[in-house]
Amino acid sequence: MFEHVTPYAGDPILGLMDKFANDPRTDIKVNLGVGVYYTEDGKLPVLECVKSAESQIANPPRPRGYLPMDGLPGYRKACQDLLFGKDNEAVKAGRVATIATLGGSGALKVGADFIHEWYPNAKCYVSNPTWGNHISIFEGAGIEVGKYPYYDAATIGVKFDEMCEFFKGLNENDVVLLHPCCHNPTGVDLSNEQWDTVLTIIKDKKLIPFMDIAYQGFGDDMDGDAYAIRRAVEMGLSVFVSNSFSKNLSLYGERVGGLSVVAPTKEEAERVHGQLKFTVRRIYSSPPAHGNAVVDTVMNDAALFEQWVGEVYEMRDRIRDMRQKLQDTLSAKLPERDFSYFTKQRGMFSFTGLTAEQVVRLRDEFAVYMVENGRMCIAGLNNKNVEYVANAIAEVLR
Ligand SMILES: Cc1[nH+]cc(COP(=O)(O)O)c(/C=N/[C@@H](CC(=O)O)C(=O)O)c1O
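An unreviewed UniProt entry annotates the protein as Aminotransferase originating from Moraxella caviae. Of the comments in the UniProt record for the protein, the one headed Cofactor (unreviewed entry) reads "pyridoxal 5'-phosphate". Under the UniProt heading Subunit (unreviewed entry), the entry covering the protein gives this text: "Homodimer."

Shown next, in the form of structure tokens:
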């Protein structure tokens, strides 16, 4: 019956979690693989604002009825305020359809299915490189996926001119999947001026921008990291935005994300909203109650929101500190090499340029885990392991 089904090779990122968990070298192993924030003590944090929200939610205990297909109204408002800014004109005009989703992944899936249904000839173009699941999710929705020039290893920057020229060659309604901040896996972002240029091309060519923001607050700050999103709306673009609270609320397993679609008119936004709900119904029916309640509580209580922002910036700043320490330690060990990319890159990841062989050596010989494309999750570093990791990297580079 299923003899034709091919074996699953495993996920290059999530598969590392199992390998790491099963690695018996518990005294030295370091997890720099999956994009998860760990504290200075190497633990997954429960944010203080989440603890407060959960105690509110738990007392008195709430029944666990189905949520609306598009999630709690307060959750959806929270997504809109965070992404577009409070009092955004398009939001106030009712031109933004927003739904709660099963994490950022669920947002991408619902968005991809919607696009394939209503723009069946659209192709999707992702940055080269990008988060691998971008390709899997859009191909899984039946959409042909291509790559646009992005990362320039020679300059540790963006192949900006090539990227712009590539966009100019695309067809109307082709989708371009963009990282508004904290690019995964490179950590290399466009400047605001470069965003203005790219968004102008997208508008002129009538492309569909799909912005996936999973690390808001880890780059500059909540508003700065949303520049590309807000600029697209200011320019009158109809833009898809998938967001994730997995990292900045440390709620990975609660599956909390959102999908927003900015439409030209309120009437179109209402029709889009209805079809997004239908798409949710056909995939997973409705979002999880607990995650929705936590986000709704934190984001819509002024004191908890302020506390949350402060906790995100603490995570951001600790990552920045680890970038500097790793860069300084490696530079001292191998002064002939340039490690400035660690502090040039932003967000959770650094693209180290290590080869797959070197990454395998780090894992096998030193129990230091990274994604085989050379991506390192900086958030797995701390003051107790950064010297050890630097030594291991220096060894495989020698
Ligand atoms: C850019 C991006 N978008 C969406 C997601 C999905 O987020 P979620 O809300 O959990 O569905 C992730 C997760 N990235 C990390 C984990 C993973 O691969 O799933 C990672 O890159 O390690 C992203 O890095």
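(A) The arrangement of the overall build of the protein in detail. A tally of helices and strands in the protein yields 15 helices and 13 strands. Compactness check: the protein gives a C-alpha radius of gyration of 21 Å against a globular reference of 21 Å for 398 residues, within 12% of the reference. Expressed along its principal axes, the backbone C-alpha trace of the protein runs to roughly 60 × 55 × 55 Å. For the protein, contacts bridging at least 24 residues in sequence account for 75% of all contacts bridging at least 6. Here the protein displays about 17200 Å² of accessible surface, and carbon together with sulfur accounts for 52% of that area.

(B) Looking closely at the environment of Ile283. One can find Ile283 in helix α10 (residues 266-283). With 177 residues separating them in the primary sequence, Ile283 and Gly106 have C-alpha atoms 9.3 Å apart. When residues no more than four places from it in sequence are discounted, the contact partners of Ile283 are Lys109, Val110 and Asp113.

(C) Broad picture of unusual backbone geometry. Here Asn59 and Pro60 are connected by a cis peptide whose omega angle stands at 0 degrees. Take Pro60: it is sitting in the loop between α2 (48-58) and α3 (73-84). Note the cis peptide between Asn184 and Pro185, where omega equals 20 degrees. Looking at the element boundaries, Pro185 is found in the loop between β7 (175-178) and α8 (192-205). Positive phi, normally seen in glycine, also occurs at Ser250, with a value near 50 degrees. Positive phi, close to 75 degrees, is recorded for Ser285, a residue that is not glycine. Checked against the element boundaries, Ser285 lands in the loop between α10 and α11 (289-299).

Definitions and cut-offs
- Residues numbered from 1 in each chain as written.
- Predicted model: local features only at pLDDT ≥ 70, side-chain atom pairs only at ≥ 80, totals over all residues.
- Heavy atoms only, no water.
- UniProt positions renumbered as here; feature names shortened; annotations may be inferred.
- Helix = DSSP H or I, 4+ residues; strand = E, 2+ residues; numbered from the N terminus.
- Rg over C-alpha atoms; globule rule 2.2 N^0.38 Å.
- Contact = heavy atoms within 4.5 Å.
- Areas by Shrake-Rupley, 256 points an atom, 1.4 Å probe, with all protein chains shown as cover.

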